[in-house]
Amino acid sequence: MAATSRNDDDDMISGINVTPLVDITLVLLIIFMVTAKIIVSQSLPLDLPKAAQGQEVQLVFGLELHANGDTFADGKRLAGEDAILPIAREAQAKNPELRAVIRADTTVPHGRVIRALDLLKQAGVSKIAFGVTPIAPEAGAAPGAPAAPPPAAPAPATPSPAP
């Protein structure tokens, strides 16, 4: 006699439990939100210039500090550093998007540069940059190629064997 047993495991699954799927999706969403916040906070804010279609020209206020004590603003020699403030205020009033570029000689004391920076800030100029001179590559070197290392010290002479 053959006995037939009824096994409930062979029944067809009629429903899907979506709770684990929702749990995993929410955990992944939280991880992506936290990492996106970290990535954005590490980036530097950029003050990108606006594109001009030929009708708008970006105004730059040039300030030069020379080693001999002379100060020039937009190519005009100033009587002293205190004259920067009224000229910068006037230029800022004409154009609220004014950008200032400070070019200082390498031997100008740090205090003079900071004083000029402070005067520009007092005038309301908030977009300030420092002008530099690019280092020219060595003659014969390809543009963008790293500079050649300094020549190595000559190797000490080895004594030649006696005949």
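Keep in mind it's a predicted model, so treat the numbers as computed, not measured.

This next bit is on the overall build of the chain. Across its full length, the chain carries 3 helices and 5 strands. For the chain, the α and β elements follow one another from N to C terminus as α-β-β-β-α-β-α-β. For the chain, with 163 residues in total, the buried portion stands at 17%. Contacts spanning at least 24 positions in sequence make up 68% of the contacts within the chain whose residues lie at least 6 apart. Here the chain has roughly 13,700 Å² of accessible surface; of this, 63% comes from carbon and sulfur atoms.

Turning our attention to the environment of T35. Locating T35 in the fold gives a position in helix α1 (residues 19-42). On the accessibility criterion, T35 (36% relative accessible area) is partly exposed. At 3.1 Å, the side chain of T35 and the backbone oxygen of F32 are in polar contact.

Time to look at the pairing of strand β4 (residues 99-104). Where strand β1 (residues 60-65) and β4 come together, 6 bridges link them in parallel fashion. Residue pairing across strands places L63 opposite I102, the latter belonging to β4. As paired elements, β4 and strand β5 (residues 127-130) share 4 bridges and run parallel to each other. The residue of β5 that forms the bridge with A100 is I128. A crossover connection joins β4 to the parallel β5 through helix α3 (residues 110-122); in handedness this β-α-β unit is right-handed.

Turning to the side chain of E81, a few remarks are in order. Its location among the elements puts E81 in the loop between β3 (76-78) and α2 (84-94). We classify E81 as buried; its relative accessible area is 19%. Setting aside residues up to four positions removed in sequence, E81 forms contacts with T71, R112, R115 and L119.

This paragraph deals with the pattern of salt bridges. Per the stated rule, a full pass over the model turns up 6 salt bridges. Residues R103 and E64 are paired through a salt bridge, measuring 4.0 Å at the closest nitrogen-oxygen approach. Highlighted residues: R103 in strand β4 and E64 in strand β1, separated in sequence by 39 residues. For R103, a relative accessible area of 38% corresponds to the partly exposed category.

Calculation rules
Here the residue numbering is sequential within each chain, running from 1 through the sequence in written order. Where local features are concerned, this predicted model is filtered to residues with pLDDT of at least 70; where side-chain atom pairs are given and counted, the filter is 80 or more; whole-chain, interface and lining totals use all residues. Based on all heavy atoms of the structure, the side-chain values leave hydrogens and waters out of the count. Helix numbering and strand numbering both begin at the N terminus, where a helix is a DSSP run of H or I of at least 4 residues and a strand a DSSP run of E of at least 2. Exposure categories follow from relative accessible area, calculated using a 1.4 Å probe and restricted to protein chains: below 20% of the type maximum is buried, above 50% is exposed, and the middle band is partly exposed. What makes two residues a contact is simply this: any of their non-hydrogen atoms within 4.5 Å. Residue exposure ignores everything except the shown protein chains as possible cover, and the areas themselves are Shrake-Rupley values with a 1.4 Å probe. Side-chain atoms alone can form a polar contact between residues adjacent in sequence; in general such a contact is a pair of N or O atoms within 3.5 Å, and within protein one must be able to donate a hydrogen while the other accepts it. Strand pairing follows a simple DSSP-based rule, namely that at least 2 bridges must link the two strands. Crossover handedness is defined by viewing with both strands directed away from the observer: a clockwise path from the first strand over the helix to the second marks the crossover as right-handed. In what follows, salt bridge is the name for a side-chain nitrogen of Lys or Arg lying within 4 Å of a carboxyl oxygen of Asp or Glu.

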